[in-house]
Amino acid sequence: MNKTNTVLDSSKVIASPDSSVAVSQHKSWKDYLVLAKQGIVTSNLITTFAGIYLAAVYTGIGLGSHLATMFFALIGAALVMAGGCTLNNYIDRDIDHIMERTKDRPTVTGRFSANHVLLVGLLQAAIGLAFLALTTATAAVIGLIGLFIYVVLYTMWTKRTTTLNTIVGSFSGAVPPLIGWAAIDGSLHTFAWILFFIMFFWQPPHFLALAMKRVEEYRAAGIPMLPVVAGFEVTKRQMVVYVIALLPVSLMLYPFGIVYTVVAALLGIGWIVLGFAGFKMKDDIKWARLMFVYSLNYLTILFVLMVIVHI
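Calculation criteria
- Sequence order as written defines residue numbering, which begins from 1 separately in each chain.
- Since the coordinates come from a predicted model, pLDDT governs what is reported: local features require at least 70, and pairs of side-chain atoms require 80 or more to be given and counted, while whole-chain, interface and lining totals use all residues.
- Each side-chain value is derived from all of the structure's non-hydrogen atoms; neither hydrogens nor water enter the calculation.
- Numbering of helices and strands runs from the N terminus; a helix is a DSSP stretch of H or I covering at least four residues, while a strand is a stretch of E covering at least two.
- With a 1.4 Å probe rolled over the protein chains alone, any residue whose accessible area is under 20% of its type maximum counts as buried; one over 50% counts as exposed, and the rest are partly exposed.
- Charge assignment in this entry is limited to Lys and Arg as positive and Asp and Glu as negative, and neither His nor the chain termini are counted.
- The term salt bridge refers to a pairing of a side-chain nitrogen on Lys or Arg with a carboxyl oxygen on Asp or Glu at a separation within 4 Å.
- Definition of a polar contact: a pair of N or O atoms within 3.5 Å, with one able to donate and the other able to accept a hydrogen when the atoms are protein atoms, and with sequence-neighbouring residues admitted only if both atoms are side-chain atoms.
- Every residue pair with non-hydrogen atoms within 4.5 Å of one another is taken to be in contact.
- Only C-alpha atoms enter the line fits that serve as axes; for helices the fit covers just the stretch in contact. Angles between N-to-C directions range over 0 to 180 degrees.
- When describing relative orientation, an angle under 35 degrees is termed roughly parallel and one over 145 degrees roughly antiparallel, while 65 to 115 degrees is termed roughly perpendicular and anything else oblique.
- It is the rotation of the near helix from the far one that decides the hand of a crossing: anticlockwise by less than a right angle makes it left-handed, clockwise makes it right-handed.
- Classification used: nonpolar for Ala, Val, Leu, Ile, Met, Phe, Trp, Tyr, Cys and Pro, charged for Asp, Glu, Lys and Arg, polar for all others including Gly.
- What a helix is expected to span follows from its residue count: subtract one and scale by 1.5 Å.

**Student:** Residue-level account of the side chain of Lys-37, with values.
**Tutor:** Here Lys-37 is to be found in the loop between helix 2 (29–35) and helix 3 (38–58). Here Lys-37 occupies a buried position and makes no salt bridge, while the nearest side chain of opposite charge, Asp-92, is found at 5.9 Å. Of the polar contacts made by the side chain of Lys-37, one reaches the side chain of Tyr-150; its length is 3.4 Å. Non-local contacts of Lys-37, meaning those with residues more than four positions away in its chain, are made with Cys-85, Asn-88, Asn-89, Arg-105 and Tyr-150.

**Student:** Tell me about the packing of helix 13 (residues 232–251) against helix 15 (residues 284–308), and name the residues and values.
**Tutor:** Closest axis-to-axis distance for the helix 13/helix 15 pair is 13 Å, and the angle between their directions is 20 degrees. Of the possible angle classes, the one that applies to helix 13 and helix 15 is roughly parallel. By crossing handedness, the relation of helix 13 to helix 15 is classed as left-handed. Facing helix 13, whose interface residues are Phe-232, Lys-236, Met-239, Val-243, Leu-246 and Ser-250, helix 15 presents Asp-284, Ile-285, Trp-287, Met-291, Tyr-298 and Leu-302. Taken together, the residues that form the contact of helix 13 with helix 15 break down as 9 nonpolar, 1 polar and 2 charged.

**Student:** Which residues make up helix 15, and what are the values?
**Tutor:** For helix 15, with 25 residues, the first-to-last C-alpha span of 36 Å sits near the 36 Å given by 1.5 Å per residue. A side-chain oxygen of the first residue of helix 15 lies 3.2 Å from the backbone nitrogen of Ile-285; this N-cap is Asp-283.

This is the structure:
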């Protein structure tokens, strides 16, 4: 985003966060991508597609004859996630200027008014749910539940009140592959729920690693992330517990074949080893960065592999 287009600095914008008039009208499509948290949406679409593809394989439905369904599911899931993230921007506009990673959001710089962001978020979510409804009612309901958990239970409630916010957010973050599967098979095979729980157990160590990296920013913003409230040692123990729990869950998909099983085992064991290494490393922030990067690679490799072994 070109910061030179901002008319007023962020401190003036924050002074009146509920203003319905945008400070700057120089909007671009890139600003909407920032609001929608493009990186989060893109990574979650990988898991959504995996759910779609695997559902087609295990229900014996040729995906080639259901391209419209796949299109509706991916567009719908993307818009629902984008809507949730945009609404997250709207709700958090009073604290985003405090944190380095969020201080350049359009809601902080004044490029968008609060009312505009609220409208965009609601429209994205509504259109996304409509697209999901064109696949199956189950997919639309799951999308709505995930949206409600993320916007209401996580962003509006637990994010600022309890360290359990990460767990609450993990429920919403785990629904993308479930949406994808439901778009093809509304009855939801056991494999669909395993995908859900892989995503669920993956998220706490991923986001707690981020929280460790940004601990002082979260502290300044008054967000009770676990590293802020309980310190790094407790956080590291919690992260390792979730990584250990993730390994057997990922291996429950052993019917996917020997290649998947071996790679999933190696990835899981490698993450566990890295997790325990954190108790010996002197630089906690460096360890948190390694855990964060590993988590991203773990998720991408695992879900891409699920598709590849079924081609």
